[in-house]
Amino acid sequence: MKKKLVSFILAASMITGLCACGNTTTAETATADNNEQNTEAKTETTTEAAPESKGAVTLKVWGSQTDQDLIKELCEEFASEHPENDWTFEYGVVGEADAQARYLEDPAAAADVFSYPDDQIITLVQADALYEVTRNADEIKSANAPGTIDAASYNGVLYGYPMTADNGYYLYYDKSVLTEEDVKTLDGILAAANKAGKQVHMDISNGWYLASFFLGNGCKLTLDENGKQICDFNNEKGLEAAEAVRAFCNDPAFVTGDDSVLQGGIGDNICCGVSGPWTSASIKEKLGDNFAAAKLPTFTCGGKQVQMGSFLGCKVLGVNTQTEHPVEAMELAEFLTSEKAQARRFEVLGYGPSNINVANSDAVASDPALKALAEQSKFAISQHVNGAYWTPAEAFGAELEGHSTGDLQTMLDQLVEQATAE
């Protein structure tokens, strides 16, 4: 997802001051309420209206147009595996990007189970839209990549079921120039590129990519429980990271620019660059048999090798707090994001899985880009960033791209002051 679009969405979420945890209703509480109501209703009925042995459960499920056939297939499979209820599924075409807006229009009419992009989680939680995941939470956390669990959580509470992990970035490279050993470290990449007279691409003036160095060295970029930006890029670890960024930008092989620069130059003057799945097809077309991808490299920072971090975006399934069947909705959401379902989703739609076993499967491993994304996801965090961060991060990166000799500590202090401004 483009960082400017994400910043607008997250900035909008800051206007809501509700405390998410205080407004969350658990599945157990709702089920108890429903049971109490059902008990009262039964006392008013005659013996002729006694309930049937099977419970009638109707669940509304939202998903994108592309996902509709697979959603129906999986829901029918779920019903066959749970014969204890008579299931009715109502399907709605609501893509992830529209989930937040459609939910807020009429929460009571929204789907019981719906998919949304992780950068909508703050607004949805603050609107009391999402149940906390109270069933099999530990199993869900262990089954999915840590970055996707972080993306489906807010203030340490899991509010959704990770479904994909395919909005992130990693390294594309020309294997006629770089070896698998070269791309393990930024030092190795630069040495090989300089030797071959090639360039190494990274858009340092884009805060999405710039953050890789700081996150990798242990700095924080997240939001507190009130939606205020937390950024400590100006501490000791941040200064070490900034020095590494400056050294990279000053290397003769370094080249910057947006995706079009990488797509146009790779295979010619550029031997590798950082981007995401959206450029995979064009880069593969350019490189042909020399196409390769890998996780981001380590870099020299404070005299040691440090793994670059990254942001990872994913699609998440959530359960509506206003559902009449919270337990059943949670069971369905868990099934729709299970290992089996994610393997099927990759097979049919090519979506990158969040499930660790599927990500490590032979099928995903045969796709170099998704394999690289899965490997990088181990070092990624979700994009909990508001709009105040992007402009100062862009300015800081642009200064280093322009070989600024300014005092890094002063520059970092300015970045953090602006990024955390009220």
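Everything discussed here concerns the structure shown above.
Computed from a prediction, not measured in an experiment: that's the story for all the values here.

Observations concerning the overall build of the protein
In step 1: Within the protein, the regular secondary structure consists of 20 helices and 19 strands.
In step 2: For the protein, with 422 residues in total, the buried portion stands at 53%.
In step 3: Partitioning the intrachain contacts of the protein with sequence separation of at least 6 by distance along the chain shows that 76% fall at a separation of at least 24.
In step 4: As displayed, the protein has an accessible area near 17,900 Å², and 49% of this comes from carbon and sulfur atoms.

Describing the environment of T298
In step 1: Inspection of the secondary structure puts T298 in strand β15 (residues 298-301).
In step 2: Spatially, the C-alpha atoms of T298 and V183 are 8.8 Å apart, while their sequence positions differ by 115 residues.
In step 3: Among residues more than four places away in sequence, those in contact with T298 are K184, T185, L186, Q305, V306, Q307 and M308.

Let's talk about unusual backbone geometry
In step 1: Backbone geometry at D128 places phi at a positive 55°, although glycine is not the residue there.
In step 2: Mapped onto the elements of the fold, D128 is located in the loop between α6 (121-126) and α7 (137-143).
In step 3: Its identity as a non-glycine residue notwithstanding, H403 has a phi of 60°, on the positive side.
In step 4: For H403, the position within the fold is in the loop between α19 (390-401) and α20 (408-419).

Some words on the side chain of K315
In step 1: By the element assignment, K315 lies in strand β18 (residues 315-319).
In step 2: Despite its burial, K315 pairs with no opposite charge; the closest candidate is E96, at 4.1 Å N-O.

Some words on the packing of aromatic side chains
In step 1: The full count for this structure, using the stated rule, is 20 aromatic pairs.
In step 2: Both rings, one in F213 and one in F299, keep their centres 5.0 Å apart while their planes meet at 70°; by these two values the pair is edge-to-face. Taken together, the residues span a long stretch of sequence, with F213 in helix α10 (residues 207-216) and F299 in strand β15 at a distance of 86 residues.
In step 3: With a centroid separation of 6.2 Å and 65° between ring planes, the pair formed by F214 and F396 is classed as edge-to-face. Separated by 182 residues along the polypeptide, F214 in helix α10 and F396 in helix α19 bring together distant segments of the chain. Take F214 and F396: they sit in the same class, and that class is buried.
In step 4: By way of ring pairs, the aromatic residues F78, W87, F89, Y91 and F335 are connected into one cluster.
In step 5: Across from the ring centre of W62, 5.3 Å away, lies the NZ or CZ of R102, which sits over that ring.
In step 6: Here K315 stacks its cationic end above the ring of Y351, 4.0 Å away from the centre of that ring.

A few points about the packing of α10 against helix α11 (residues 236-249)
In step 1: Where α10 meets α11, the closest approach of the two axes is 8 Å, and the angle between their N-to-C directions is 130°. In terms of orientation, α10 and α11 fall into the oblique class. The hand of the α10/α11 crossing is right-handed. Together, L210, F213 and F214 of α10 and G238, A241, A242, V245 and F248 of α11 make up the contact between the two elements.
In step 2: Its residues assigned to classes, the contact of α10 with α11 shows seven nonpolar, one polar and no charged.

Some remarks on the sheet that holds strand β13 (residues 270-275)
Either a parallel or an antiparallel arrangement is found when strands of a sheet pair, and the pairing is made through backbone hydrogen bonds.
In step 1: With mixed pairing, the five strands of this open sheet are ordered in space as β12-β9-β13-β8-β14. Each having just a single partner strand, β12 (254-255) and β14 (291-294) make up the two edges of the open sheet.
In step 2: Of the strand pairs in this sheet, strand β8 (residues 170-174) and β14 are connected by four bridges, and their pairing is antiparallel. Counted as the bridge partner of Y173 is A292 from β14.

Thoughts on the pattern of salt bridges
In step 1: Scanning all chains against the criterion turns up eight salt bridges.
In step 2: Between E77 and K340 there is a salt bridge, with its nearest N and O atoms 3.1 Å apart. In this pair, E77 is assigned in helix α4 (residues 68-81) and K340 in helix α15 (residues 339-349), connecting sequence segments 263 residues apart.
In step 3: Look at E77 and you get partly exposed, because its relative accessible area is 24%.
In step 4: The residue R135 makes a salt bridge to E331 at a minimum N-O spacing of 3.3 Å. Placement of the pair is R135 in the loop between α6 and α7 and E331 in helix α14 (residues 326-336), with a sequence separation of 196 residues.
In step 5: What makes R135 partly exposed here is its relative accessible area of 29%.
In step 6: On the basis of relative accessibility, which here comes to 22%, the residue E331 falls in the partly exposed class.
In step 7: Residues participating in the shared-partner salt-bridge network are E73, R344 and E347.

Observations regarding the nonpolar core
In step 1: Counting residues in each nonpolar core, the largest one holds 55 residues, and the members touching the most others are F213, F214, F233 and F396.
In step 2: Among all residues touching F213, those that are not within four sequence positions of it are L186, M202, I204, A241, V245, F248, F299 and M308.
In step 3: Judged by nonpolar contacts, the second largest core, of 51 residues, contains V61, V113, V125 and A329.

Reading the values: rules and limits
Residues numbered from 1 in each chain as written. Predicted model: local features only at pLDDT ≥ 70, side-chain atom pairs only at ≥ 80, totals over all residues. Heavy atoms only, no water. Helix = DSSP H or I, 4+ residues; strand = E, 2+ residues; numbered from the N terminus. Buried < 20%, exposed > 50% of the residue type's maximum accessible area, 1.4 Å probe, protein only. Contact = heavy atoms within 4.5 Å. Areas by Shrake-Rupley, 256 points an atom, 1.4 Å probe, with all protein chains shown as cover. Lys, Arg positive; Asp, Glu negative; His and termini not counted. Salt bridge = Lys/Arg side-chain N within 4 Å of Asp/Glu carboxyl O. Phe/Tyr/Trp six-rings, centres within 6.5 Å; stacked < 30°, edge-to-face > 60°. Lys NZ or Arg CZ within 6 Å of the ring centre and 35° of its normal. Axes fitted to C-alpha atoms, helices over the stretch in contact; angles between N-to-C directions. Parallel < 35°, antiparallel > 145°, perpendicular 65-115°, else oblique. Left-handed = near helix turned anticlockwise from the far one by under 90°. Nonpolar A, V, L, I, M, F, W, Y, C, P; charged D, E, K, R; others polar. Pairing = 2+ DSSP bridges. Core = buried A, V, L, I, M, F, W, Y, C linked by side-chain atoms within 4.5 Å.

On their own, these measurements won't tell you what the molecule is for.
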